[in-house]
Amino acid sequence: MPRVTISEPGKTPQPYRFKLGRKVIHIGRGSDNDIVVECGSASTKHCTMERVDGGYILRDRGSTNGIKQDDTLMEVIDLFDGMEVYIGDVPFKFQLSDEEIEHLADEEFTTHQKKKLPPPKQEEEEHHPSTSSPRASHVNRSQPTVQESGGALKTLVVFLLVLVAIFAGMTIRHSMRTGDFLPTKLMGGTKSDASDKTPSTKETPDPPADEPGTPAE
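Residues numbered from 1 in each chain as written. Predicted model: local features only at pLDDT ≥ 70, side-chain atom pairs only at ≥ 80, totals over all residues. Heavy atoms only, no water.

1. Thoughts on the packing of aromatic side chains
Logical step 1: Using the criterion set out here, one finds 2 aromatic pairs in the structure.
Logical step 2: Plain terms: the ring middles of Y56 and F94 are 5.6 Å apart, the flat faces sit at 55 degrees to each other, and that makes the pair tilted. Of the two residues, Y56 sits in strand β6 (residues 55-60) while F94 sits in strand β10 (residues 90-95), which places them 38 residues apart along the sequence. Neither Y56 nor F94 differs from the other in exposure class; each is buried.
Logical step 3: Ring centres 5.8 Å apart and planes at 70 degrees place the aromatic pair F80 and F109 in the edge-to-face group. Of the two residues, F80 sits in the loop between β8 (72-79) and β9 (83-87) while F109 sits in the loop between α1 (98-105) and β11 (114-115), which places them 29 residues apart along the sequence.
Logical step 4: The ring of Y56 carries R51 above its face, with NZ or CZ at 5.8 Å from the centroid. (Phe/Tyr/Trp six-rings, centres within 6.5 Å; stacked < 30°, edge-to-face > 60°. Helix = DSSP H or I, 4+ residues; strand = E, 2+ residues; numbered from the N terminus. Buried < 20%, exposed > 50% of the residue type's maximum accessible area, 1.4 Å probe, protein only. Lys NZ or Arg CZ within 6 Å of the ring centre and 35° of its normal.)

2. Remarks on a negative patch on the surface
Logical step 1: The grouping of D81, D98, E99, E102 and D106 at the surface amounts to a negative patch.
Logical step 2: As for its position among the elements, E102 is in helix α1. (Patch = residues over 30% accessible without salt bridge, like charges linked within 9 Å, V, L, I, M, F, W, Y side chains within 5 Å. Areas by Shrake-Rupley, 256 points an atom, 1.4 Å probe, with all protein chains shown as cover. Salt bridge = Lys/Arg side-chain N within 4 Å of Asp/Glu carboxyl O. Lys, Arg positive; Asp, Glu negative; His and termini not counted. Charge placed at Lys NZ, Arg CZ, Asp CG, Glu CD.)

3. What to know about the pairing of strand β3 (residues 24-28)
Logical step 1: Bridge count for β3 against strand β5 (residues 47-52) is 4 bridges, and the pairing is antiparallel. Bridge assignment links H26 to a residue of β5, and that residue is T48. (Pairing = 2+ DSSP bridges.)

4. Some remarks on the side chain of Q69
Logical step 1: With respect to the helices and strands, Q69 occurs in strand β7 (residues 67-69).
Logical step 2: The exposure class of Q69 is buried, given its relative accessible area of 17%.
Logical step 3: Polar contacts involving the side chain of Q69 include one to the side chain of Q113, which spans 2.6 Å.
Logical step 4: Not counting residues within four places of it along the chain, the set of residues in contact with Q69 comprises M74, I77, M83, V85 and Q113. (Polar contact = N/O pair within 3.5 Å; in protein donor to acceptor, adjacent residues only side chain to side chain. Contact = heavy atoms within 4.5 Å.)

As structure tokens, then:
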């Protein structure tokens, strides 16, 4: 009979024996398991030990802390005589008698060993949405500012174009009425006005010369 020894923390190692023909042995914290592991690191239905051609395997059943071999999380572990693995944090030792080893040697064993794959990247992003949210919100907040500045610039350009159009219309209308080019007239008028406003300088007559003084007697 295969022998399984469970060493729970603070308790005496507990051996279990099963018939070689037993196909599946359920292991976990729940009381309905074939091997009950009373430890917080074990899940209710943690794993199963299964009889396959040529030997046994230990298969994880979606437990929280998994099954480990050499500190590596595994989905399936091939069990061999004298091998020790971990169910959560609980040591699990598998042993076979010499007769059982000889019996299993007559069968062809195919490895089922399989590492536990890491969770998909998409699930990790769903658990950590705050990583990209602040950056996205910052972009959303800054975008309206750029749009507002662009709108103000457009308004200023339109206003300047309207002023140019008004001035051009006034120039054309003035030229049609008087025959003068309004900008030239404005520039000339400004110059003449400036010259008119220049104060004239008048010559001031020299003051009369002092009469020679009369010598004192």
